[in-house]
Amino acid sequence: MHIGTTLTQFIIEEQRHIAGATGEFTALLNDLVTAIKTISNAVNKGALIGVMGALESQNVQGETQKKLDVITNEIMIRHNEWAGHLAGMASEEMDEVYPIPNKYPLGKYLLVFDPLDGSSNVDINISVGTIFSILRAPVANRAASAEDFLQPGVKQVCAGYALYGSSTMLVLTTGHGVNGFTLDREVGEFLLTHPAMKIPEETREFAINASNRRFWEPPVQRYVEECLAGKEGPRGKDFNMRWVASMVAEVHRILTRGGIFMYPRDTKDPAKAGKLRLMYEANPMSFIVEQAGGASSTGYERILDMQPEGLHQRVPVILGSKKEVEVVVGYHAA
Ligand code: AHM
Ligand code: MG
């Protein structure tokens, strides 16, 4: 019988190669995995446990919150606040930094997350996910301020996402490549099923919400027009298009078979630089994509190099197969 590598075993073995590793990071990841299993269970049971639908409330970005946005945020907090590994948490669903309650010890890491990405898909039973990013606190064992979180994406210690799809998967990087694990529900463990994930450099598949077309900037207009022109156009090949409206599902597809994903800057609301948030969507996904051999840019600069200005800052996102991202970035420079 084949006995697979569990996520815990994989992380412990990876940490053994890091001089000075104390096991604290492994313990933090363990709590995070428990939260993700709990969220997977809630998302999977859905209407059976009365978690579908919207609330009256809005989050800090003025978006209507789904019941599951609030429930999953709570799950992330409860599983990660008690163990003493964190100096603070921040999330899409909370205006300010979540301080670790006084009754618990403080630690040396910061956790930033989107507890339920793509939550507009929840009521229609389409894949959603959780995205997270782990940073080192500038000062260990001290309650973190919002400024402490504002570190460029290159500083991430770990980034990952859980995809609640036809199976639940956890994909993560600690800066040494990207590995994917599938949840075995009977055993209750994530098992390594997708070692060393690599994004093919070239692609014929793009993902963008075309209903925003009239608001895009000229370089994106040009790129998409050329894709649509197919074999007869300047790219000389036919393209396929997908849009799930769940970034996690979109990135997972790209990690599996290549592609390019764009939520570019547009002129719909000049106050917003894009739709997606830097700290808990763009940065963790960019870290994963780059570690899998892909590229990630705003069109004008590498996302991981950006100095964040706010916890909920929005950025344009263009990521995926390296050569294709380079084409779009080239059009921005032209
Ligand atoms: P959310 O975090 O509120 O769910 O929003 C992020 C999601 C992404 O998963 C997805 O790529 C995008 O919003 C879809 O936006 P749109 O509905 O404009 O196509
Ligand atoms: Mg989101």
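Keep in mind it's a predicted model, so treat the numbers as computed, not measured. (Residues numbered from 1 in each chain as written. Chains lettered and ligands numbered in written order. Predicted model: local features only at pLDDT ≥ 70, side-chain atom pairs only at ≥ 80, totals over all residues. Heavy atoms only, no water.)

Engineer: Could you give an account of the domain arrangement of the chain, naming the residues involved and the relevant values?
Structural biologist: When the parts of a complex come together, some accessible area is lost, and that lost area is often taken as the interface size. For the chain, the assigned domains are domain 1 (7-194) and domain 2 (205-333). Centre-to-centre, using C-alpha coordinates, domain 1 lies 24 Å away from domain 2. Facing 48 residues of domain 1, the contacting portion of domain 2 comprises 31 residues. Counting the surface lost from both domain 1 and domain 2, the interface buries some 2,900 Å², and carbon and sulfur atoms represent 64% of this. Counting the contacts that link domain 1 with domain 2 gives one salt bridge. One salt bridge in this structure joins R277 and E92, with 3.3 Å as the shortest N-O distance. Of all elements in the fold, only β3 (86-91), β4 (109-117), β5 (128-136), α4 (146-149), β6 (158-164) and β7 (168-173) reach the threshold of two or more residues within the side of domain 1 that touches domain 2. Here the side of domain 1 that touches domain 2 takes seven residues from β5, the largest share from any one element. Here the side of domain 1 that touches domain 2 is composed, by residue class, of 25 nonpolar, 17 polar and six charged. (Domains from an automatic or database assignment. Contact = heavy atoms within 4.5 Å. Buried area = accessible area lost by both parts, 1.4 Å probe. Salt bridge = Lys/Arg side-chain N within 4 Å of Asp/Glu carboxyl O. Helix = DSSP H or I, 4+ residues; strand = E, 2+ residues; numbered from the N terminus. Nonpolar A, V, L, I, M, F, W, Y, C, P; charged D, E, K, R; others polar.)

Engineer: Summarise the sheet that holds β6; cite the residues concerned and give the values.
Structural biologist: The mixed open sheet is built from seven strands, whose spatial order is β3-β4-β5-β6-β7-β8-β9. In this open sheet, the two strands that pair with only one neighbour each are β3 and β9 (189-194). Taking each pair of neighbouring strands and ignoring which way they run, the sheet shows an average axis angle of 20°. When β3 meets β4, the two strands line up parallel, connected through five bridges. For G88, the partnering residue across the bridge sits in β4 and is L110. (Pairing = 2+ DSSP bridges. Axes fitted to C-alpha atoms, helices over the stretch in contact; angles between N-to-C directions.)

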